[in-house]
Amino acid sequence: MSFSRETDHGTPPVLATGKSVTLTIDGQSVTLPEGTSIMRAASLLGGSIPKLCATDNVESFGSCRLCLVEVEGRNGYPASCTTPVAEGMVVRTQTDRLKQLRRGVMELYISDHPLDCLTCGANGDCELQDQAGAVGLRDVRYGYDGATNMGQAKDQSNPYFDFDPSKCIVCSRCVRACEEVQGTFALTIENKGFESKVSPSQGEDFLGSECVSCGACVQACPTASLIEKKVVESGTPDRAVVTTCAYCGVGCTFRAEMRGEELVRMVPWKDGKANRGHSCVKGRFAWGYAQHQDRILNPMIRASVDQPWREVSWEEAIAHTASEFRRIQAKYGTRSIGGITSSRCTNEETFLVQKLIRQGFGNNNVDTCARVCHSPTGYGLSQTFGTSAGTQDFDSVMQADVILVIGANPTDGHPVFASRMKKRLRQGAKLIVIDPRRTDLVQSPHIAAEHHLPLRPGTNVAMLTAIAHVVVTEKLYDEAFIRERCDWDEFMDWAEFVSEAARSPEAIAPLTGVKADDVRAAARLYATGGNGAIYYGLGVTEHSQGSSTVMSIANLAMATGNVGREGVGVNPLRGQNNVQGACDMGSFPHEFSGYRHVSDDATRSLFERTWGVALDAEPGLRIPNMLDAATDGTFKGLFVQGEDILQSDPNTHHVAAGLAAMECVVVQDLFLNETANYAHIFLPGSTFLEKDGTFTNAERRIQRVRKVMAPLNGYADWEIVQLVANAMGLAWTYDHPSQIMDEIAALTPTFAGVSYDRLEAEGSLQWPANDAAPDGTPTMHRDGFVRGKGKFVVTDYVPTDEKTGPRFPLLLTTGRILSHYNVGAQTRRTANTAWHPEDRLEMHPSDADNRGLKDGDWVTLRSRAGETTLRALITERVAPGVVYTTFHHPETQANVITTDYSDWATNCPEYKVTAVQVMASNGPSDWQQDYAEQARNSRRIAPLEAAE
Amino acid sequence: MSDDTHVMSTTDRLVYMAHQIARNMAMMGEAKATEALAEHLTRFWDPRMKAQIIAIAQDQPERLSPVVTAAVARMAQGRPAPQVDAAQFNRVDEAGHCDAG
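Every residue gets a number counted from 1 within its own chain, in the order that chain's sequence is written. Just so you know, chain letters begin at A and ligand numbers begin at 1, following the order they were written in. Two thresholds apply to this predicted model, a pLDDT of at least 70 for residue-level local features and 80 or more for giving and counting side-chain atom pairs, whereas whole-chain, interface and lining totals are computed over all residues. To get the side-chain values, take all heavy atoms of the structure and skip hydrogens and water.

Novice: I'd like a rundown of the overall build of chain A, residues and numbers included.
Specialist: Helix numbering and strand numbering both begin at the N terminus, where a helix is a DSSP run of H or I of at least 4 residues and a strand a DSSP run of E of at least 2. Check the secondary structure of chain A and you find 29 helices and 36 strands. Here the C-alpha coordinates of chain A stretch approximately 90 × 85 × 65 Å along the principal axes. In what follows, a contact means two residues having at least one pair of non-hydrogen atoms within 4.5 Å. The long-range fraction of contacts in chain A, counting pairs at least 24 apart against all pairs at least 6 apart in sequence, stands at 73%. When the accessible surface of chain A is summed, it comes to about 31,100 Å², and 49% of that surface belongs to carbon and sulfur atoms. Positive charges come from Lys and Arg, negative ones from Asp and Glu, while His and the chain ends are left out of the count. Where a charge lies is defined by one atom per residue type, namely NZ (Lys), CZ (Arg), CG (Asp) and CD (Glu). Counting 91 positive and 116 negative side-chain charges, chain A places the centres of these two groups 3 Å from one another. All accessibility values rest on the Shrake-Rupley procedure with a 1.4 Å probe; residue burial counts only the protein chains present in the view.

What follows is the structure, encoded as structure tokens:
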């Protein structure tokens, strides 16, 4: 794709009412949906009415008066952006009178705008410049000195963009984008007339305001008033490639705007069906890690982890990898090695890693990071609905009447989807939040939850059962839906169970700490408020009853008939960009791609015929069991692609002991991450900018990842896996990831209709995409559940074994923050550290007072598993008795604290419940200091010997 | 897990896991729970984990509840074959010479 701006139709499309009108614009007849603006109608006809304050990401405003038109039979010159089309209307957009008026308007703008176009960062990419040309501006009768706005100080506080008030034309596009698109309301216009000025918050700078740096204002700005620093530094782009973000599971698509091989900026793609033209601070700006000096670009090996690394050729590294794995298998057996696929890599790459393990290693010892996040979603939704995926697309939220968010913090974890959700809430949908913390959704500008149920961590199942109790005992369930779509006898068993008095809101209040009346009111609202949609995150899954909680949610949705149409459903908010895809691709040790068990003879035969090898019918090891087996001496080699289990997995001591017990750990990554401290072979990885492939987001949407620059390390990750496979005796001959997708489609019924050609044509596809659903499936279970009848599963509340007591009286729960992504390997290597330079421990003022702690104090956080130190953040966001921290920084290593307790069905760790004590500290613990020293030593790279 | 210990041995963990699954299936009643637990262990546990829990059932039966004992016995009826070495495995269908790419 060469460079051109995306077409801006000036005003957004209208919601379809089914009615249309026919009108004439400049002699051309056109029929359009009722409510469409004249400006948009003209644009869709291929015309272009001059505009400044209008852009199709926000509602029309009618401020700049540049878009005036003439309408036959009407007086005056209406603004085309605010005037809807009407039947029989005759519009003229180009007349002498209109030209005169527009030039007059433009004269006023230019009289108060610097004319430094040749040295301006937006030169050639400035709408004001373009429109001055479009209206034929040749002179400005009022002079060029302006009244007040020239020479104002720039606000350069934001690390990614500058604000130059001198270049602002007060069109309010930025203010409206912040309100309508992002929903933060951080910007305003202060003062009046010539004194008017865009202002973050109350006269603060951008960094110090509540601005979340999503970039919507920069994208909306028609001048250089808000402009990316990188554009100022590098110049405007000369080509653009559409690709998919590699951060969270929303899967935003962007135009990677390039100047040669240099990435100038990432601009959210308006046609992207997941993000609809919006972005967050990570995807929009935090891509600098791709060129960070810490990236390792050469393969390295070492005999033991106390030695420095030695750079070697790719040939030597690959041969050594294959040789070591074969040596270990010869000595310890076929099942003595395994691997971990990456949810940050593409579908094609994860498919190849699991294929390498099943076909090449000859076992099923493959697992993925979903083990520690959404594996309970896979189990729970498979049991109840029949497949491991969310039921809706993101657009569905715009038809929800009641939104129930449980164990999720979308404004931080899934910010672009959260903006859509907030938009719907501002339109009037009701909100229920079930979360121990008072997240931003509970109370933010123009949004207030009807009910916030701040339950005690670890009591999700009790809470959801109590809600079900109300639904059943007050006969709020949808009997017709249940009789038609579910197993009625199983429903009756479940209904009898939840109806028992012991499961009433009143009975469980002492467990959850939530008033019974609040629970009853929330239950009534969800069951009777219209379309009820449930969104959940890791606050549901990362518990000892994660799978039970997922099934409880599914039970509730089925009981109220909230499955199988738009506006409802059960929606897991996936963490990593391709965690859905990694699961789909057969990354779990018990199943092939498409969630088919390895013991299924027909499925296994299909793979055996295609791959030409007998496959193991026994499930392999999960990650924590790999580590157990390693310490037992039966698991000796591990291939880890794009994961950092030492930092992200629970009980760091356990992970370290397992890794240390292995004879060959191979890490394929961008950086020498924490896991690499225990590695013997390092294979440098490539970024999402450097390869082709696909990601699948949380709504099952398969989208293309496109290579925009050559891999700095020399190979895309799929090529590296192929090199390892072939060195191990396989004979893979993939030339392009599209061939891998063709193999996936041939082996996976839900992907049967997916190919790169289809993706190019459609933009994206939501699986299942096959003969039964050629265009994909935005809404699942529409005519029936995948498993046939929906299954109600009785989910009894079983308290966690992680107990508070005198030594550990507080409950720790962990999570993430907007500016960082998981272990922070990428975002810590960007300017996002401006917002979150360290992990902090949130603590309620009463708990802090009891310990004599003040905000900012260093504290020791101790559990039965270990201890660390970090600084305290005193806040009422957490309830008394609960503390909270993030896990983005290896200096803190929050997972030194978390325990080995895990979900009963999937072993997903219980990150959200750890009994802890907090006390004053003088600084980093002995363990932290020792670990820092070990990490420094482990990252030594021996200098290359001088050439002779 | 007591306040003084924070690292389980593998066998302790397997015993714990089996009982944790059983507790979450207890509402089914003993017969169904036994069946469901046996199926769960069969479908999700690696052969060495299965072998270890079978060995515990034989050598230290007092560590397992009646439901877990019955489920392990049922699972053991379909006990997997021991692993073969890698070279032997790959000779099964000559993976080294396939052209699956």
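Novice: Residue-level account of the pattern of salt bridges, with values.
Specialist: Residues and elements named next belong to chain A. When a carboxyl oxygen of Asp or Glu is within 4 Å of a side-chain nitrogen of Lys or Arg, the pair counts as a salt bridge. In the structure shown here, the tally under the stated rule is 66 salt bridges over all chains. In this structure, the salt-bridge partner of Arg 5 is Asp 125, at a minimum N-O distance of 2.7 Å. With Arg 5 in the segment before strand 1 (20-25) and Asp 125 in the loop between helix 2 (96-111) and helix 3 (127-134), the pair connects residues that are 120 residues apart, well separated along the chain. A residue is classified by how much of its surface remains accessible, and Asp 125, at 18% relative accessible area, is buried. Where Glu 838 meets Arg 871, a salt bridge forms, and the shortest distance between an N and an O atom there is 2.3 Å. Placement of Glu 838 in the loop between strand 31 (810-815) and strand 32 (840-843) and of Arg 871 in strand 34 (residues 867-874) is noted, with a sequence separation of 33 residues between them. Each of Arg 5, Asp 125, Asp 130, Glu 228, Arg 255, Glu 257, Arg 265 and Arg 284 takes part in salt bridges that share partners, so that together they form one network. Burial classification: accessible surface area is computed with a 1.4 Å probe over protein chains only, and a residue below 20% of its type maximum counts as buried, one above 50% as exposed, and the rest as partly exposed.

Novice: Describe the packing of aromatic side chains, listing the residues and the values that go with them.
Specialist: Residue and element names in this part refer to chain A. Pairs were defined over the aromatic rings of Phe, Tyr and Trp, the Trp ring being its six-membered one, requiring ring centres within 6.5 Å. Orientation was assigned from the angle between planes: stacked under 30 degrees, edge-to-face over 60, tilted for the rest. Counting across every chain of the model gives 29 aromatic pairs over all chains. Of the aromatic side chains, those joined through ring pairs into one cluster are Tyr 160, Phe 161, Phe 163, Phe 206, Phe 285 and Trp 835. Put simply, a charge is over a ring when the Lys NZ or the Arg CZ is close to the ring centre, within 6 Å, and near the line of the ring normal, within 35 degrees. Of note, Arg 302 hangs over the ring of Trp 309, and the distance from its end group to the ring centre comes to 3.9 Å. Over the face of the ring belonging to Phe 671 we find Arg 829, whose NZ or CZ atom lies 3.9 Å from the ring centre.

Novice: Lay out the environment of Gly 564 of chain A in plain terms, naming residues and giving numbers.
Specialist: Residue and element names in this part refer to chain A. The topology assignment puts Gly 564 in the loop between helix 19 (546-559) and strand 22 (569-572). On the accessibility criterion, Gly 564 (9% relative accessible area) is buried. Separated by 221 residues in sequence, Gly 564 and Phe 785 have C-alpha atoms that sit 8.3 Å apart. Setting aside anything within four residues of it in sequence, one finds Gly 564 in contact with Thr 779, Met 780, His 781 and Arg 782.

Novice: So what's going on with the side chain of Asp 367 of chain A? Which residues, and what values?
Specialist: Residue and element names in this part refer to chain A. Structurally, Asp 367 is set in strand 15 (residues 366-368). The class for Asp 367 is buried, based on a relative accessible area of 0%. Two N or O atoms form a polar contact when they lie within 3.5 Å of each other; inside protein one atom must be a possible hydrogen donor and the other a possible acceptor, and for residues adjacent in sequence the pair counts only when both atoms belong to side chains. Only 2.7 Å separates the side chain of Asp 367 from the side chain of Arg 371, close enough to count as a polar contact. Looking at Asp 367, its side chain comes within polar contact range of the main-chain nitrogen of Ile 623, at 2.8 Å.

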